[in-house]
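Topology and contacts: notes
Given next are the chains, with one letter for each unit.
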Amino acid sequence: MYSKCGELSNAVKLFDHMSVKDTISWNTIISGILRNGEFDTGLGLFKRMCESGFYQFDKATLTTILSACDGPEFCYVSKMIHGLVILSGYLHEINVGNAMITSYFKCGCFSSGRQVFNEMLERNVITWTAVISGLAQNEFYEESLKHFVEMRCGSVDPNSLTYLSLLMACSGLQALKEGHQIHGILLKLGIQSDFCIESALMDMYSKCGSVEDAWKIFESAAHLDEVTLTVILVGFAQNGFEEEAIQIFVKIVQAGIEVDPEMVSAVLGAFGVGTSMALGKQIHSFVIKKSFSNNTFVSNGLINMYSKCGDLKDSIQVFSQMPQRNSVSWNSLIAAFARHGDGSKALQMYEEMRLEGIQPTDVTFLSLLHACSHVGLVERGMELLESMAKDHELSPRSEHYSCVVDMLGRAGLLNEAKKYIEGLPENPGIDVWQALLGACSIHGDSEMGKYAADQLFLAAPESPAPYVLLANIYSSERRWKDRARTIKRMKEMGVPKETGLSWIEIEKKVHSFVVGDRMHPQAENIYGVLAELFRHLTDEGYVPDKRFILYYLDQDGKEQPLLELAPHRAVRGMIGGRIDGNNPCSLLYGFGYAGGKTVPGFHLPKRSFNKGAERTGEEYATLSCISAYAVLGVDPDCSAAELKAAFRDKVKQFHPDVNRDGADSDTMIRRVIQAYEMLSNQSRSEIIESECLDPFEKPECEAFDLFVNEVLCVGQGCPYSCVTRAPHAFTYASTGTARLSSQGHGEDYQVHLAVGQCPRSCIYYVTPSQRIILEELLDR
């Protein structure tokens, strides 16, 4: 009782004062001390017991000590106890044999554990589970599954712990087929809803890349705990569904579920290119409030989060404030410097890491080789690769080889890179050939590129990378027929190309774009600024380096440079509505890339962008600052009041409700609004607030039903369902705007319902006559 309650001192006093002791007394005190982590003291008591000569240890004494041997440093103790087992005649006791198997595998003595198992005359479910679990935990996954097959052929039935170990083995092997089979057995046995089994199944499916199956188990789980939530977060993050992982974490916090450091560490791993750093900073604040800052894993996650989101300064600050650092901490910071192109600083951090006595890992050298590659330090990179094996006894992996090939290739040493690949001790992986092909793309070497692409076709026939890179090498050399043959081969093989995205975060929102994107509500302004910037560049004598311009075939089969089709990579001033007043055309901009994926059956709300109706002809013409002044009919030197007055006049002139016969009225009113938005340093929402407070006092605000309904209501990212809840009460003009069709007859309920469903009151921005009908309905 005292030992189980943690009162060891009282337990020892009571033991010492016992006038009569027996084997059970000694076993009890030894067990209590070992359970509280005092191994040396417990082993010392066992020696006293043996040396006394009065008390004979039994099999319970031996299993108690064996159960406390956990780690390579205890291997000698396990072997010593094994000797006592043989001497005392307990070798064929099944419980003792089970304890020895477990102990040997925990201590890393795999051969001894296997030997004990093989020599056992009798085996029960614990025996089989001990060896299956021990093999799985030590990454002997295939052997673990083979023992399960042998177990099933015998008379012993597995238990839930056996299946947990098997699921671990399937996770390690990424054996989805075997995992499905085990899941089927669990369903037949009716234990698939066991708390630990559910978490293990989710982990197995996630590590096998089947996120949909993991999500189905998560959705059907009767109870959710920190382990379950952490597993699904890690599963989404590791399978490329970073945005969904972040959304799950946000919902967890909003629901008031207790969050632990492991969950925070998991969600921080989901941050990267295309995710919101503003949200990352909020999570950092959450970490501070929860006092998780001292958790090494959380701090490591923060270093990586800031680094991947582009904030190297904050990565350094988090690292400098860590009370304790492990190899992952140093690796994270070295990777951060390498990711940001500061190779010399990455190498300096490596030297500091060694001075601190931290042993580098293979991940450390991966980041160092990456840094050397991007700054052209070929000799230093080769020295590090040699040191990795010679000084630290670390075997290079395929990722290290690809970094070396990339390093040689970027330096223009393509022949050396090819010779290096040919001399590798193993078959080159996909990433090795892709690194060589990427280097050929940089230097425009089609002969070497063809060689690398052919190897990559064989290694990864489903990958679009060799087709796209080789096609662009041919494009840079103007070899259009060869390029066409490459694209044709890609189509014949049915290889899809994943769409690339460029993105930028502005005011806590991430805006994403694809090539030729016209879906953003400010796309025309963005293209206008791009055109203006490019015109200034060419006026200054800039000539694009065509080696770095990628090409694609349009729908008519004509060659088009992507430069002419890609929207600016996100222009901050146009999206954020924050243009410098002294120079409206001086805009801040930045870019990055991200891949987009969706999870089948996953129904959390996604980021979306306003998709306007299709437009043709005049509407595709982009506005520059100069043309914006021309649209409003004012001089560039006009005052803010003159600009505003001109805008109102143009609204009245071109409003379609006034010019019902004007064929171009919708187009012109859009151009007027865009011009005013560009030149007034206001976003559309700000224009609505400042110019459209009351449609009766300011009749020119009738114009805003054109885009208020479009931007806020008609499938353009509005979270409310006022229009869709009463679809028969509205008509949709060819411009894509919603207008009330009810005249107070028959559709009163639908209109009333729509009004009640609109918390933003955007439904009120309609023509005065329609407003009167609405007021009458509301009064009734």
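Residues numbered from 1 in each chain as written. Predicted model: local features only at pLDDT ≥ 70, side-chain atom pairs only at ≥ 80, totals over all residues. Heavy atoms only, no water.

- Per an unreviewed UniProt entry, the chain goes by J domain-containing protein and derives from Carpinus fangiana.

Examining the overall build of the chain
- Helix and strand counts for the chain come out as 39 helices and seven strands.
- Relative to its 780 residues, the chain shows a buried fraction of 47%.
- Taking all contacts inside the chain whose residues are at least 6 apart in sequence as the whole, residues at least 24 apart take part in 61%.
- Summed over all atoms, the accessible surface of the chain reaches about 39,300 Å², with 52% contributed by carbon and sulfur. (Helix = DSSP H or I, 4+ residues; strand = E, 2+ residues; numbered from the N terminus. Buried < 20%, exposed > 50% of the residue type's maximum accessible area, 1.4 Å probe, protein only. Contact = heavy atoms within 4.5 Å. Areas by Shrake-Rupley, 256 points an atom, 1.4 Å probe, with all protein chains shown as cover.)

Regarding the side chain of Ser25
- With respect to the secondary-structure elements, Ser25 resides in helix H2 (residues 23-35).
- Judged by its relative accessible area of 14%, Ser25 falls in the buried class.
- At a separation of 2.7 Å, a polar atom in the side chain of Ser25 contacts the side chain of Asp22.
- Non-local contacts of Ser25, meaning those with residues more than four positions away in its chain, are made with Phe15 and Met18. (Polar contact = N/O pair within 3.5 Å; in protein donor to acceptor, adjacent residues only side chain to side chain.)

Remarks on the pairing of strand E2 (residues 509-513)
- Counting buried residues along E2, four of its five residues qualify, which places the element largely inside the surrounding structure.
- In this sheet, E2 lies alongside strand E1 (residues 500-506) in antiparallel orientation, the contact comprising five bridges. Directly across from Ile506, in E2, lies its bridge partner Lys509. (Pairing = 2+ DSSP bridges.)

Looking at the pattern of salt bridges
- Counting across every chain of the model gives 14 salt bridges.
- A salt bridge links Glu143 to Arg114; the shortest N-O distance between them is 2.8 Å. Of this pair, Glu143 sits in helix H9 (residues 141-153) while Arg114 sits in helix H7 (residues 110-119), and the two are 29 residues apart along the sequence.
- Owing to a relative accessible area of 23%, Glu143 belongs among the partly exposed residues under this scheme.
- Arg114 sits in the partly exposed class, given a relative accessible area of 22%.
- Of the charged contacts in the structure, one is a salt bridge between Arg535 and Glu532, with a shortest N-O distance of 2.8 Å. (Salt bridge = Lys/Arg side-chain N within 4 Å of Asp/Glu carboxyl O.)

Focus: the UniProt feature "repeat: PPR" (unreviewed entry) in the chain
- Following the UniProt record, one finds the feature "repeat: PPR" (unreviewed entry) at residues 22-56, 124-158, 225-259, 295-325 and 326-360.
- A distance of 10 Å separates the end C-alpha atoms of residues 295-325, which is 71% helix and 0% strand.
- End C-alpha to end C-alpha, residues 326-360 measures 10 Å, and it is 74% helix and 0% strand. (UniProt positions renumbered as here; feature names shortened; annotations may be inferred.)

A few points about the environment of His223
- Summarising the element assignment, His223 is placed in the loop between helix H13 (211-220) and helix H14 (226-238).
- Spatially, the C-alpha atom of His223 lies 9.6 Å from that of Ser193, the residues being 30 residues apart in sequence.

Focus on the nonpolar core
- Formed by 151 residues in total, the largest nonpolar core has its most connected members in Val264 and Leu436.
- Among the elements that line this core, the one with the most residues is helix H6 (residues 94-107), at eight residues.
- Apart from the residues lying within four places of it in its own chain, the contact partners of Leu436 are Val405, Leu414, Ala417, Ile421, Met448, Tyr451 and Ala452. (Core = buried A, V, L, I, M, F, W, Y, C linked by side-chain atoms within 4.5 Å.)

Section: helix H20 (residues 327-339)
- Across its 13 residues, H20 extends 18 Å between first and last C-alpha, which sits within 8% of the 18 Å expected from 1.5 Å per residue.
- Counting buried positions along H20 yields 10 of 13 residues, so the element is predominantly enclosed.
- Among all positions of H20, only Ser329, Trp330, Asn331, Ser332, Leu333, Ile334, Ala335, Ala336, Phe337 and Ala338 are buried.
- Taken together, the buried residues of H20 touch helix H18 (296-308), helix H19 (312-320), helix H21 (343-355) and helix H22 (362-375).
- Near the N-terminus of H20, the side chain that reaches the backbone nitrogen of Val328, with its oxygen 3.1 Å away, is that of Asn326.
- In the segment just after H20, Gly341 is the residue with positive phi, at about 80°. (Expected span 1.5 Å × (residues − 1).)

Some details on the packing of aromatic side chains
- Inspection of every chain in the model, using the stated rule, returns 17 aromatic pairs.
- The residue whose ring lies beneath Lys418 is Tyr451, and the NZ or CZ to ring-centre distance is 4.5 Å. (Phe/Tyr/Trp six-rings, centres within 6.5 Å; stacked < 30°, edge-to-face > 60°. Lys NZ or Arg CZ within 6 Å of the ring centre and 35° of its normal.)

Remarks on the state of the cysteines
- Across all of its chains, the model carries one disulfide by this definition.
- A sulfur-sulfur separation of 1.9 Å characterises the disulfide bridge that pairs Cys75 with Cys109. Because the torsion about its S-S bond is -140°, the bridge between Cys75 and Cys109 counts as left-handed. With Cys75 in helix H5 (residues 75-88) and Cys109 in the loop between H6 and H7, the pair connects residues that are 34 residues apart, well separated along the chain. Each member of the pair, Cys75 as well as Cys109, carries the same accessibility label: buried.
- Between Cys208, a cysteine without a disulfide, and Cys170, which holds the nearest cysteine sulfur, the sulfur-to-sulfur distance is 6.9 Å. (Disulfide = S-S within 2.5 Å.)

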